[in-house]
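Summary of structural features
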Amino acid sequence: AQSVSQHNHHVILSEAASLELGCNYSYGGTVNLFWYVQYPGQHLQLLLKYFSGDPLVKGIKGFEAEFIKSKFSFNLRKPSVQWSDTAEYFCAVSYNTDKLIFGTGTRLQVFP
Amino acid sequence: EPEVTQTPSHQVTQMGQEVILRCVPISNHLYFYWYRQILGQKVEFLVSFYNNEISEKSEIFDDQFSVERPDGSNFTLKIRSTKLEDSAMYFCASSEPGDLYNEQFFGPGTRLTVL
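Residues numbered from 1 in each chain as written. Chains lettered and ligands numbered in written order. Predicted model: local features only at pLDDT ≥ 70, side-chain atom pairs only at ≥ 80, totals over all residues. Heavy atoms only, no water.

Things to note about the interface of chain A and chain B
Using the following cut-off: Contacts between residues were defined by any pair of non-hydrogen atoms, one from each residue, lying within 4.5 Å. Throughout, buried area stands for the accessible area (probe radius 1.4 Å) lost by two parts on being put together, summed over both. Throughout this description, the term salt bridge denotes a Lys or Arg side-chain nitrogen within 4 Å of a carboxyl oxygen of Asp or Glu. Think of a polar contact as two N or O atoms within 3.5 Å of one another; within protein, one of them needs to be a possible hydrogen donor and the other a possible acceptor, and neighboring residues in sequence only count if both atoms come from side chains. Helix and strand labels come from DSSP, where a helix needs a run of H or I of at least four residues and a strand needs a run of E of at least two; each type is numbered from the N terminus. Each residue gets one of three labels, nonpolar for Ala, Val, Leu, Ile, Met, Phe, Trp, Tyr, Cys and Pro, charged for Asp, Glu, Lys and Arg, and polar for the others, Gly among them.
The interface is formed by 20 residues belonging to chain A together with 20 residues belonging to chain B. Of the roughly 1,800 Å² buried where chain A meets chain B, counting both sides, 58% is carbon and sulfur surface. In this assembly, chain A and chain B are joined by one salt bridge. Here Lys99 of chain A and Glu56 of chain B are joined by a salt bridge, their closest N and O atoms 3.7 Å apart. Linking chain A to chain B there are seven residue pairs in polar contact (both at pLDDT 80 or more). When residues of the side of chain A that touches chain B are traced back to their parent elements, those giving at least two are strand E5 (32-38), strand E6 (44-50) and strand E10 (87-94) of chain A. Tallying contributions element by element places E5 of chain A first for the side of chain A that touches chain B, with four residues. Grouping the constituent residues of the side of chain A that touches chain B by class yields nine nonpolar, eight polar and three charged.

And the structure:
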């Protein structure tokens, strides 16, 4: 079955720490990969996406993600987090349709 | 900046009642979606809608559910006879024409509570 796993459910960091959130998806042929973020009280919004080409994708607010096909992974990274990055982060995949399959989300708390 | 809006923000209903959740997608968008998130669980796809018909639907989207674009601006999700397990946050999303994989813009959600 098509599925997405996010291994970190809750991550707590201090400002300036580096961040890496894991995302793995089940094999299903061609995939499109996304990271969405939901800041407290706000809508889900797109951080970055990968369709093809350079497997290292840069998104908004200094985030990046790397698609590693052999590991079925699309991990999200940021070298130095800020308090304003406190939010819930969702990895999502689509397999040849526009239907998004989401992971369970990772709650990130950043302390000053 | 254009946004997807949803009303109401919170709907409480009795089991067996019909509910209609409303969404106003971004005005030039042509692809529309409903997702839901039961408390503590994943965001799940329900249905996609394009050119006045359903493009794809999930197993969750059974005969109790229907969608409609009654006019040029609204996109609705109807649940005919609500069950306790329909309690969830329902998100509407829309994307612009062109690439099938264009970014989906999400609304703030409607929290549905079935008693």
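Thoughts on the pattern of salt bridges
The line we're drawing: Classification of residues uses two cut-offs on accessible area relative to the type maximum, computed with a 1.4 Å probe and protein chains only: under 20% is buried, over 50% is exposed, and between them is partly exposed.
Evaluation of the coordinates by the stated rule reveals seven salt bridges over all chains. The residue Glu64 of chain A makes a salt bridge to Arg77 of chain A at a minimum N-O spacing of 3.4 Å. Here Arg77 of chain A lies in strand E9 (residues 73-78) and Glu64 of chain A lies in strand E8 (residues 64-68), a separation of 13 residues in the sequence. You can call Arg77 of chain A partly exposed: its relative accessible area is 23%. For Glu44 of chain B, the salt bridge identified is with Arg36 of chain B, shortest N-O distance 3.4 Å. Exposure remark for Glu44 of chain B: the relative accessible area of 25% places this residue in the partly exposed category. Its relative accessible area of 8% is what places Arg36 of chain B among the buried residues. Residues participating in the shared-partner salt-bridge network are Lys58, Glu64, Glu66 and Arg77 of chain A.

Notes on the side chain of Glu64 of chain A
Residue and element names in this part refer to chain A. By relative accessible area, which is 18% here, Glu64 ends up buried. A distance of 2.9 Å separates a polar atom in the side chain of Glu64 from a polar atom in the side chain of Lys58. Those residues in contact with Glu64 that sit more than four places away from it in its chain are Leu48, Leu56, Val57, Lys58, Gly59, Asn75, Leu76 and Arg77.

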